[in-house]
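# Structural overview
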Amino acid sequence: MKKKNTVFEFKNYGKVQINLKQILDNQCMSRNELATSIGVNFDVINRWYANNTSRIDLDVLARICFVLNCKPEDLITYNIEE
């Protein structure tokens, strides 16, 4: 029987990276401006900015993409580290 991958094994299964800092820097927009523009608390954007969030609200993601005129794949990348 073939062994299945599971997250309960101790192995490197990659990392999701949030690239909001780079996009905001490129567009010369502050975290406060973005938070105000999309109607969320500054702390939400600050966690995204610091790549320190454990959950992604799809509605917030859609609002960020709309205001920054970008795609989800511009904001979020998945890297498998060998």
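Provided above is the structure to which this section pertains.
Residues numbered from 1 in each chain as written. Predicted model: local features only at pLDDT ≥ 70, side-chain atom pairs only at ≥ 80, totals over all residues. Heavy atoms only, no water.

### A short note on the state of the cysteines
What counts is decided by this rule: Disulfide: a pair of cysteine sulfur atoms within 2.5 Å of each other. Buried residues are those whose accessible area, probed at 1.4 Å on protein chains only, stays under 20% of the maximum for their type, while exposed residues exceed 50% and partly exposed ones sit between those limits.
The tally for this structure, following the rule as stated, stands at zero disulfides. Not part of a disulfide, C65 finds its nearest cysteine sulfur in C70, a span of 4.2 Å. Judged by its relative accessible area of 9%, C65 falls in the buried class. Since its relative accessible area comes to 16%, C70 is described here as buried.

### Quick word on helix α2 (residues 31–38)
The following threshold applies: Helical segments are the DSSP runs of H or I of at least four residues, strand segments are the runs of E of at least two, and each set is numbered from the N terminus. Picture the helix axis, draw a direction to every C-beta atom, and the arc is the one those directions span. Note on definitions: a residue-residue contact is assigned when non-hydrogen atoms from the two residues lie within 4.5 Å.
All of the buried residues in α2 are L34, A35 and I38. Seen along its axis, α2 keeps its buried residues to an arc of 100°; they face one direction. In this structure, the buried side of α2 is in contact with α1 (20–27), α3 (42–49) and α4 (58–68). Residue G39 follows α2 closely and has a positive phi angle near 75°.

### Let's talk about the pattern of salt bridges
As a reminder of what qualifies: Counted as salt bridges are all cases of a side-chain nitrogen of Lys or Arg within 4 Å of a carboxyl oxygen of Asp or Glu.
On inspection of all chains with the given rule, the structure shows three salt bridges. K21 is paired through a salt bridge with D25; the nearest N and O atoms lie 3.0 Å apart. In this pair, K21 and D25 are both assigned in helix α1, four residues apart and thus about one turn of the helix distant.

### Some details on the environment of T77
Position of T77 among the secondary structure elements: in strand β2 (residues 76–79). Setting aside chain neighbours within four positions, we find T77 in contact with K15, V16, Q17 and N19.

### A word on the environment of V16
Counting through the fold element by element, V16 comes out in strand β1 (residues 15–18). In this structure V16 comes out as partly exposed when scored by relative accessible area, which is 44%. Once the C-alpha coordinates of V16 and I80 are considered, the two residues, 64 residues apart in sequence, prove to be 8.9 Å apart. Once residues within four sequence positions are removed from consideration, V16 is found in contact with N51, I76, T77 and Y78.

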